[in-house]
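Spelled out from the first residue to the last, the chains are:
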Amino acid sequence: MSAQNPLFIPGPTNIPDRIRKACDMQTIDHRSPAFARVFKPAIAGVKRVLGMGAGEVFIFPSTGTGGWEAAVSNTLSPGDTLLAARFGMFSHRWIDLCQRHGLNVQVIEAPWGQGAPLAAIEAALRADTGHAIRVVLATHNETATGVRSDIAGIRRALDAAGHPALLFVDGVSSIGSMPFDMAGWGVDVAVAGSQKGFMLPAGLAILGVSPKALAAIETATLPRTFFDFRDMAKAYVAGGYPYTPAVGLIAGLAEAVEMLEEEGLEAVYARHHRLAEGVRRAVAAWGMRPCAASADLYSDTVTAVLVPEGCNGTDLVRLAADKYRVAFGVGLGEVAGRVFRIGHLGSLTDVMVLAGLATAEMCMADLGWPVRLGSGVAAAQEFYRGSVPAMLAAA
Ligand code: PLP
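Residues numbered from 1 in each chain as written. Predicted model: local features only at pLDDT ≥ 70, side-chain atom pairs only at ≥ 80, totals over all residues.

**Student:** Give me the lowdown on the site of the ligand, citing residues and values where you can.
**Tutor:** Around the ligand, the surrounding shell holds 13 residues, and the nearest of these are Thr63, Gly64, Thr65, Thr143 and Val172. Residue composition of the shell around the ligand, by class: three nonpolar, nine polar and one charged. (Near = placed C-beta within 6 Å. Nonpolar A, V, L, I, M, F, W, Y, C, P; charged D, E, K, R; others polar.)

**Student:** Would you mind going over helix H12 (residues 350-367) in detail, with residue names and values included?
**Tutor:** Given a rise of 1.5 Å per residue, 18 residues ought to cover 26 Å, and the 26 Å separating the end C-alpha atoms of H12 matches this to within 8%. By the burial criterion, the buried members of H12 are Asp350, Val353, Gly356, Leu357, Thr359, Ala360, Glu361, Cys363 and Met364. In this structure, the buried side of H12 is in contact with helix H10 (265-285), helix H11 (313-324), strand S13 (339-343) and helix H13 (375-385). Looking one or two places after H12, you find Gly368, whose phi comes out positive at around 75 degrees. (Helix = DSSP H or I, 4+ residues; strand = E, 2+ residues; numbered from the N terminus. Expected span 1.5 Å × (residues − 1). Buried ≥ 20, exposed ≤ 12 C-beta atoms within 10 Å, placed from the backbone. Contact = placed C-beta atoms within 7 Å.)

**Student:** Can you explain unusual backbone geometry? Please cite residues and give values.
**Tutor:** Across the junction of Gly11 and Pro12, the peptide omega takes the value -5 degrees, indicating a cis bond. Assignment of secondary structure puts Pro12 in the segment before helix H1 (17-23). The phi angle at His131 is positive, at roughly 55 degrees, despite the residue not being glycine. Tracing the backbone shows His131 in the loop between helix H5 (118-127) and strand S4 (133-139).

Everything listed here is a matter of coordinates, which is why it stays silent on function.
Here you go:
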């Protein structure tokens, strides 16, 4: 079939034509000055999106998972201690990656549907009087449960405890879609991927690294080669890469930042908030609720919808794919079957979201779930028609 539906998985996201065209370029010599002309605007643009102060941006041919590995392997040594809360599949996987690297992770377990528990984090930091904890890991937006954590609050906890640990933040499903303030929050490493807020295909791990994290490289002894920040920094000075870069994706990244800045980052965040709020109104009209336990935790990029007793979220996702050619996200780990996920990030409008909500309703009706066709769509329509951004209303 030539016609194609928008995606409602929480990344990879729809790729705008402008970005597709920017990626589609003839091969250039990545050791020539032509490469620097592609590369430098991408680096400068990512710094602005991250809200970075001093520090470096590194872009690896990889994905978010590679970004996690780059963060820890450059800054830590075997046996080093980290503090991390586990409240979903992605916070779990970063912990798992650290453990497989021979690191000692002090894990705070929290219920799935909750965010990073600030009081428990502060208590753990205060109890660590010898400052054994080198790094606090935080998942800004837990994509499995649709939960946003308070990164500024974690910074406050570190400061209140007078603890010198580095703060590493997974922003894979938030950066470029939800406010991110690397300098203001005192984030030492921020990890993003190309395939979510940046609207590109998967293939880039994007990291912002603070001067304090850069200093940690000098004493860190975990093995690293491909992800070595030092090789990357040295090559950057010469205008290039230590190996063959994904030139097309980097060109697309510069274009993505240009698109985000043309819309205005604040407007991008407001659009995501508005889209998400419409989805939440629909979920409430269905008589369901988000997996996120309270409104302050709601993610603006993904909603994990808790399905009624006796229903299975994975059935809906399968049916939507097979019958309507529409992709939603399945529940992962502890919430497998108990939720289905609606991704609402990247290149998306309210009209596109309405199509996704209508499809979800058709699937619910097909599956015999107790939901009236049109109920969620109508709730979202009412919200969207009453909240058209001033810029669009004036056009
Ligand atoms: N962190 C979060 C919050 C994610 O949502 C994902 C992927 O969905 C990852 C990390 C892993 O990224 P990747 O799949 O690009 O390796």
